[in-house]
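The chain contents come next:
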Amino acid sequence: MKAVILAGGKGERLAEISGGVPKPMMPLCGKPALLRQTEVLKREGISDFIIVVGYKADKIKEYFGSGSDFGVNITYFEEDEPLGTGGALPLLGINNDILLCSGDLLFDFSLERMAAFHKEKNALVTLFAHPSSHPGDSTAIVTDPDGRVKGFAPKESRELHRNLSNAGIQILSREFISSIKGEGKLDLDRDIISPAVGKGGVYAYRCTEYVHDIGTPERFARAENDIKLGIPEMRSLRNKQKAVFLDRDGTINVYKGYISKPEDIELIPGAAEAINTIHDKGYLAVLITNQAVIARGECTFEELDEIHARLEELLGEKGAYLDAVYFCPHHPDSGFPGERPEYKIKCSCRKPSPGMILSAVKDLNIDLDGSVMAGDAMCDIQTAKNAGCKSALLACGKQEKEKEGVADYPDLISFAKSL
């Protein structure tokens, strides 16, 4: 697989600190962003690069040359006039799959995992997708449960959508590249990928690994700080991750019995702050929740998705996000009006069984010894015990009076600050 890096932009938003240096050549802790990208992708097995250049192309060419000094092979495509984020693609003469990324990103991720997902789905396009800490000003990727992209919701959309955004990295298949129509200036998302969504071959690879753009002075400063703290490497799934597994009702949102409507979701004060603190301390925030409303026939999968979209929307308004959401739709007891018999089973995922946690361990390479299950019920504590991780009982949910003097922490924010 080749890598194509789009490095032709002017970086106007960085002008106040760039001193005329092309954005991809801005030194992050002394090393150009483009070199950091090259090093990560070389480690992941890519040796051939095409760098699309434009603004101050000579600066990039002089630094990298043929790539031999860096152990890779680099060729260049120079735009005589700006072709947007997609206009160069049909002109590159590519005859194999490529990894395409923007040159203004700092990242550290497992290409092997992303490529395996791409192959498993037989995808035309695979988008590296992650939750955003600012979903209110991001275009949301709308998917089905299998990860197939159904569309894109602009930030102006008033509909509920899960917090999932395009990180600026994508795998494009050879067949897809050869099908690209149009010439001149093209927008990758609007003119190339969006028209392909209806054909069913575009997928979102949701991942917790580190990908951040450096396109503003604030984001550039944040990226430098993250490098100093070792966060990009720490978040790579090559390494074991620490996680806080979070119960939902009574832990993050106010307990109101069985919730079957998005409007019933109400955050517990401090919950968003707690999730931000969890992230600041180097943990993933992973939701683990029993949702018997499916088996009881009180809620469809689509409606449950809207409920979780509302939860993510409320968290996003406060700059917080969940790295992953796992739920169990089963319930072993019968006798409810409208129940769905196919989900009235004993399963390995319903808490206190550890199935959801074990799925997260596999998906996210989680270190159970360094992880904690936090919830408001003894069921959560037993789940942690069954999974083999630590636990924290919170006195903020449905059994508050029963746990008085017994709970480990009064609420989620108190627990998060103790990590």
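Residues numbered from 1 in each chain as written. Predicted model: local features only at pLDDT ≥ 70, side-chain atom pairs only at ≥ 80, totals over all residues. Heavy atoms only, no water.

A. Examining helix α4 (residues 111–121) more closely. Taken residue by residue, α4 has Leu 111, Met 114, Phe 117, His 118 and Lys 121 as its buried positions. In a view along the axis of α4, the buried residues occupy a sector of 125°, so they form one face of it. Projecting away from the buried face of α4 at angles above 90 degrees are the exposed residues Glu 112, Lys 119 and Glu 120. Lining the buried residues of α4 we find β6 (98–102), β8 (125–130), β11 (165–172) and β12 (202–206). A positive phi of about 55° marks Asn 122, the residue just after α4. (Buried < 20%, exposed > 50% of the residue type's maximum accessible area, 1.4 Å probe, protein only. Helix = DSSP H or I, 4+ residues; strand = E, 2+ residues; numbered from the N terminus. Arc of directions from axis to C-beta. Contact = heavy atoms within 4.5 Å.)

B. Fine view of the packing of aromatic side chains. In total, this model carries 11 aromatic pairs according to the counting rule given. Consider the rings of Phe 107 and Phe 109, whose centres lie 5.4 Å apart with planes at 75°: the pair is edge-to-face. You can call Phe 107 buried: its relative accessible area is 4%. Ring centres of Phe 109 and Phe 128 lie 5.5 Å apart, and the angle between their planes is 75°; this geometry places the pair in the edge-to-face category. One end of the pair, Phe 109, is in the loop between β7 (105–108) and α4; the other, Phe 128, is in strand β8, with 19 residues separating them in the sequence. Residue Phe 109 shares its accessibility class with Phe 128, and that shared class is buried. An aromatic cluster is defined as three or more aromatic residues linked by ring pairs; in this entry it consists of Phe 107, Phe 109, Phe 117, Phe 128, Tyr 203 and Tyr 205. The ring of Tyr 283 carries the charged tip of Lys 242 above its face, separated from the ring centre by 4.2 Å. Positioned above the aromatic ring of Tyr 258 is the side chain of Arg 296, whose terminal nitrogen or guanidinium carbon lies 4.0 Å from the ring centre. (Phe/Tyr/Trp six-rings, centres within 6.5 Å; stacked < 30°, edge-to-face > 60°. Lys NZ or Arg CZ within 6 Å of the ring centre and 35° of its normal.)

C. Region of interest: the state of the cysteines. Throughout the structure, instances matching the rule amount to 0 disulfides. Not engaged in a disulfide, the cysteine Cys 396 finds its nearest cysteine sulfur in Cys 379; these two sulfurs lie 15 Å apart. Classification of Cys 396 by relative accessible area gives buried; the value is 19%. (Disulfide = S-S within 2.5 Å.)

D. The pattern of salt bridges, seen in detail. Taken as a whole, this structure holds 25 salt bridges when the rule is applied. Two residues, Arg 43 and Glu 44, come together in a salt bridge whose shortest N-O distance is 2.9 Å. Accessibility expressed as a relative area gives 18% for Glu 44, which makes it buried. Across the salt bridge formed by Asp 108 and Arg 43, the nearest N and O atoms sit 2.9 Å from each other. In this pair, Asp 108 sits in strand β7 while Arg 43 sits in helix α2 (residues 33–43), placing the two residues 65 residues apart along the sequence. Judged by its relative accessible area of 36%, Arg 43 falls in the partly exposed class. (Salt bridge = Lys/Arg side-chain N within 4 Å of Asp/Glu carboxyl O.)

E. The arrangement of the pairing of strand β4 (residues 48–53) in detail. For β4, a buried count of 5 out of 6 residues is recorded, marking the element as mostly surrounded by other parts of the structure. Note: strand β1 (residues 2–7) against β4, 5 bridges, orientation parallel. Pairing of Ile 5 across the sheet is with Ile 51, part of β4. Handedness of the crossover joining β4 and strand β5 (residues 73–78) through helix α3 (residues 57–64) is recorded here as right-handed. (Pairing = 2+ DSSP bridges. Right-handed = clockwise from strand over helix to strand, strands pointing away.)

F. Examining the pairing of strand β18 (residues 390–393) more closely. Relative to β18, strand β17 (residues 372–375) runs parallel, the two being bridged by 4 bridges. Paired with Gly 375 across the strands is Leu 393, a residue of β18. Taken together, β17, helix α12 (residues 378–387) and β18 form a β-α-β motif whose crossover is right-handed.

G. How the structure looks around unusual backbone geometry. For the bond from Lys 351 to Pro 352, the omega torsion is 15°, close enough to zero to count as cis. Of note, Cys 29 is a non-glycine position whose phi angle comes to about 50°, a positive value. Along the polypeptide, Cys 29 turns up in the loop between β2 (27–28) and β3 (31–32). Residue Cys 29 is classed as partly exposed on the basis of its relative accessible area of 32%. Even without being a glycine, Lys 56 presents a positive backbone phi close to 50°.

H. Inspection of the nonpolar core at higher detail. Core analysis: the largest hydrophobic core is formed by 36 residues, its most contacted members being Leu 246, Ile 252, Leu 315 and Leu 322. If we skip the residues at most four places from it in the chain, Leu 246 touches Ile 252, Ile 275, Ile 278, Ala 285, Val 286, Leu 287, Ile 288, Leu 322, Met 373, Ala 374 and Leu 412. Counting 35 residues, the second largest nonpolar core, distinct from the first, contains Ile 60, Leu 99, Ala 123 and Phe 128. (Core = buried A, V, L, I, M, F, W, Y, C linked by side-chain atoms within 4.5 Å.)

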